[in-house]
Amino acid sequence: GHVWPIQASILGKVSFAHDIFALLLMLMVITHLLFLFFVLSAPLTHISSWFTGKVPEEFVKDEHPIWYEELKKNK
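Residues numbered from 1 in each chain as written. Predicted model: local features only at pLDDT ≥ 70, side-chain atom pairs only at ≥ 80, totals over all residues. Heavy atoms only, no water.

Trainee: Where do I start with the overall build of the protein chain in this structure?
Mentor: For the protein chain, the helix and strand inventory stands at 4 helices and 0 strands. In the protein chain, the succession of helices and strands from N to C terminus is α-α-α-α. Taking 2.2 N^0.38 as the reference for a compact globule, 75 residues should give roughly 11 Å; the C-alpha atoms of the protein chain span a radius of gyration of 23 Å, well beyond that estimate. Taken over the C-alpha atoms alone, the protein chain extends approximately 65 × 30 × 20 Å along its principal axes. (Helix = DSSP H or I, 4+ residues; strand = E, 2+ residues; numbered from the N terminus. Rg over C-alpha atoms; globule rule 2.2 N^0.38 Å.)

Here it is in structure tokens:
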């Protein structure tokens, strides 16, 4: 099942490490999703900006005043 022969002792250790890191990755994904849905400071309506690349003007005005001023100058 492998391209080259691997000793059973090494394969066991690597498989164990792989399983541990896979569990840690799953915990990180779950944690990120929990923060996304339950601990957000901004409303969930801004999630659409991930896909559209656009942010509501009021949000920029309130949360990023320097950026807002730059945008107003460039109009």
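Trainee: Even after reading the chapter, I still don't get a nonpolar patch on the surface, so can you show me in this structure?
Mentor: Together, Leu25, Val29, Ile30, Leu33, Leu34, Phe35, Phe37, Phe38 and Val39 make up an exposed nonpolar region whose accessible area comes to about 930 Å². By relative accessible area, Phe35 is classed as partly exposed at 47%. (Patch = residues over 30% accessible without salt bridge, like charges linked within 9 Å, V, L, I, M, F, W, Y side chains within 5 Å. Areas by Shrake-Rupley, 256 points an atom, 1.4 Å probe, with all protein chains shown as cover. Salt bridge = Lys/Arg side-chain N within 4 Å of Asp/Glu carboxyl O. Buried < 20%, exposed > 50% of the residue type's maximum accessible area, 1.4 Å probe, protein only.)

Trainee: Can you walk me through the side chain of Ser49 in this structure?
Mentor: Here Ser49 shows up in helix α2 (residues 49-52). In this structure Ser49 touches Lys54 and Val55, once residues within four positions along its chain are discounted. (Contact = heavy atoms within 4.5 Å.)

Trainee: Please clarify how the environment of Asp62 should be interpreted in this entry.
Mentor: In this structure, Asp62 sits in helix α3 (residues 57-63). Along the chain, Asp62 and Gly12 lie 50 residues apart, while their C-alpha atoms are 54 Å from each other.

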